[in-house]
Amino acid sequence: MKRTLEDIDVKGKKVLIRVDYNVPLNGNLKITNDKRIVSTIPTLRYLLNENAAVVIMAHLGRPKGKVVPEMSLMPVSVRLGELLGKPVKFVGGGCVGVESKKAANNLAPGEILLLENLRFHPEEEGRSKSGEKNSVAMEAFAKELASMGEVFIQDAFGTVHRSHASTVGVVKYVKDRAVGFLVEKELKFLREVLENPKRPFLAILGGSKVSDKIDVIENLLDKVDAIIIGGAMAYSFLKSCGISMGTSLVENDKLDLSVSLFKKAEGKKVDFLLPVDHVITSKIDFLNKNVPNGAIVKTTLNEMIPDGFMGVDIGLRSIDKFSEIIRSAKTIVWNGPLGVFEVGDFSKGTIEVAKLVAEVTDKGAISIVGGGDSVAAVEKAGVDKRMSYISTGGGAFLKFLEGKELPGIVSMPNK
Ligand code: AMP
């Protein structure tokens with residue numbers, strides 16, 4: 001068990017906290033979804049109640065070590081101020097510039113400062129100003145950040161799978177450290193589910209590539225009773241059984257691996273469920289996520305996809321088949337949509353599965369959903385509030401399912 005916020009003394013102290021404020025912005029730099037900001041409020045309120053002076057570190061987007069004005073955290077500071085009902089100080093320029101350091105030094109107990117985007121500095125991700133890997137530059141940057149607090153709180157679950165200056169580097173320069181309430185909650189839910197699941201335990205995996213999720217499947221095969229595979233991932237598995245998949249997204253170099261995962265599932269007596277029919281189209285515009293004029297869309301009679309067509313969703317018979325196993329599950333972990341759910345015509349499979357997972361959760365099953373697209377899908381289905389837990393981590397959630405260590409967690413002290 002990791003040391004948490006309540007295990008250490010933060011009263012009146014200067015607290016440096018890493019959070020995940022990587023929120024979506026529209027063309028007018030308006031935040032279109034503030035969930036990530038909202039999820040940090042319990043920790044921040046606790047710190048403010050303890051009269052701490054709070055210095056927040058965060059990143060936004062991928063500015064690749066350069067100052068990109070559209071990726072400034074300024075809009076986040078405004079939204080955070082609204083949510084907390086008190087002003088949030090913000091200094092533009094850079095998170096370790098003279099002005100930021102001055103603002104951090106002068107911060108009074110009960111005040112809050114948001115530092116500018118960490119990733120405007122290449123050192124955050126372990127590179128020098130010229131872009132080469134450079135651990136010395138990273139250390140120096142981490143030390144600068146650490147000089148702005150007496151206590152370090154890790155509450156950015158979305159970035160704990162990264163070994164960056166603000167997630168791992170600062171740790172050795174700040175003596176008092178603990179995880180915040182969000183990270184504590186994520187670890188509690190994910191550990192409980194993976195270590196002590198109520199059975200039957202079902203994993204639902206979808207998305208575009210098998211290659212991204214091989215390690216997740218490998219690890220889960222040791223833990224679950226059943227796996228449902230949907231999305232384009234399913235096509236590589238079906239093709240490895242000699243079934244033609246038309247022009248569907250197939251990873252031909254992963255067919256042998258698909259066969260070995262099948263065999264492992266068989267050996268472990270894990271039910272391995274693939275779609276038995278598909279929604280297919282002769283054309284799709286992946287870039288604009290729409291169906292071009294003149295496209296022929298239909299549903300297959302069985303697993304096979306004819307030449308000139310690609311699979312874009314699971315069919316009704318697959319939904320029926322999957323519904324049985326979902327209804328009997330007591331624990332469900334879900335990552336990845338079962339079709340191109342961004343296109344209305346191809347979202348039915350994902351939406352129906354989301355509704356089924358909500359239905360069994362209402363009846364007492366535990367459901368955990370993680371990954372940007374899967375979370376967007378349960379929101380689109382209008383059932384997000386009915387899931388037991390929605391993880392704030394995409395990459396970190398997958399790493400956890402892979403059974404891998406998360407550097408930003410490993411580096412934090414135990415109780
Ligand atoms: P991932 O990031 O691997 O979870 O993949 C999510 C993406 O997979 C979404 O953008 C979906 O549109 C895409 N996807 C799901 N099913 C399919 C499919 N049958 N063909 C192509 N892309 C798909």
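Structure's up top.
Residues numbered from 1 in each chain as written. Predicted model: local features only at pLDDT ≥ 70, side-chain atom pairs only at ≥ 80, totals over all residues. Heavy atoms only, no water.

Another aspect to go through is helix H11 (residues 348–362). Counted at 1.5 Å a residue, the expected span for H11 with its 15 residues is 21 Å, and the 21 Å between its end C-alpha atoms agrees. Along H11, the residues classified as buried are Gly349, Thr350, Ile351, Val353, Ala354, Leu356, Val357, Ala358, Val360 and Thr361. The first or second residue beyond H11 is Gly364, which carries a positive phi of 115 degrees. (Helix = DSSP H or I, 4+ residues; strand = E, 2+ residues; numbered from the N terminus. Expected span 1.5 Å × (residues − 1). Buried < 20%, exposed > 50% of the residue type's maximum accessible area, 1.4 Å probe, protein only.)

The ligand sits among 15 residues. The nearest are Lys213, Tyr235, Gly339, Glu342 and Asp373. Separating a nitrogen atom of the ligand from a backbone N or O atom of Gly311 is a distance of 3.2 Å. Take Gly339: an N or O atom from its main chain is 3.4 Å from a nitrogen atom of the ligand. In the complex, the protein chains occlude 85% of the 510 Å² of accessible area that the ligand would expose alone. Of the residues assigned to the shell around the ligand, the class counts are 7 nonpolar, 5 polar and 3 charged. (Near = heavy atom within 4 Å. Polar contact = N/O pair within 3.5 Å; in protein donor to acceptor, adjacent residues only side chain to side chain. Areas by Shrake-Rupley, 256 points an atom, 1.4 Å probe, with all protein chains shown as cover. Nonpolar A, V, L, I, M, F, W, Y, C, P; charged D, E, K, R; others polar.)

Looking now at the environment of Gly372. When you line up the elements, Gly372 lands in helix H12 (residues 372–380). Under the relative-accessibility criterion, Gly372 is labelled exposed at 58%. In this structure the C-alpha to C-alpha distance between Gly372 and Ile214, which are 158 residues apart in sequence, comes to 19 Å.

Read across the open sheet, the 6 strands follow the order S9-S8-S7-S13-S14-S15; overall the sheet is parallel. Two strands bound the open sheet, and with one partner strand each, they are strand S9 (271–273) and strand S15 (389–390). Note: strand S7 (residues 201–205) against strand S8 (residues 226–229), 4 bridges, orientation parallel. Across the sheet, the residue bridging to Ile204 is Ile228, located in S8. (Pairing = 2+ DSSP bridges.)

In this section: the side chain of Glu251. Within the secondary structure, Glu251 is located in the loop between helix H8 (233–240) and helix H9 (255–267). The charged side chain of Glu251 is buried without a salt bridge, its nearest counter-charge being Lys254 at 5.2 Å. The contact partners of Glu251, leaving out residues within four places of it in the chain, are Lys209, Val210, Ser211 and Ser236. (Lys, Arg positive; Asp, Glu negative; His and termini not counted. Salt bridge = Lys/Arg side-chain N within 4 Å of Asp/Glu carboxyl O. Contact = heavy atoms within 4.5 Å.)

Before going further, it helps to spend a moment on empty space enclosed by the protein. Left-over empty space is what a probe sized like a water molecule reveals as it rolls over the atoms. Under the criterion given, the structure shown has 1 cavity of 30 Å³ or more. By volume, the largest cavity is sized at about 30 Å³. Along its surface, the largest cavity is lined by Asp20, Arg36, Ser39, Thr40, Asp155, Leu182 and Thr392. Its residues assigned to classes, the lining of the largest cavity comprises 1 nonpolar, 3 polar and 3 charged. (1 Å grid on protein atoms, 1.4 Å probe; cavity = no way out; pocket = protein on both sides within 12 Å on 5 of 7 lines; lining within 4 Å. Points joined across faces, edges and corners; volume = space filled by probe spheres on them.)

Two elements in contact, H8 and H9, have axes separated by 8 Å at closest approach and are oriented at 85 degrees. The pairing of H8 with H9 is recorded here as roughly perpendicular in orientation. Together, Ser236, Phe237, Lys239 and Ser240 of H8 and Leu255, Ser258, Val259, Leu261 and Phe262 of H9 make up the contact between the two elements. (Axes fitted to C-alpha atoms, helices over the stretch in contact; angles between N-to-C directions. Parallel < 35°, antiparallel > 145°, perpendicular 65-115°, else oblique.)

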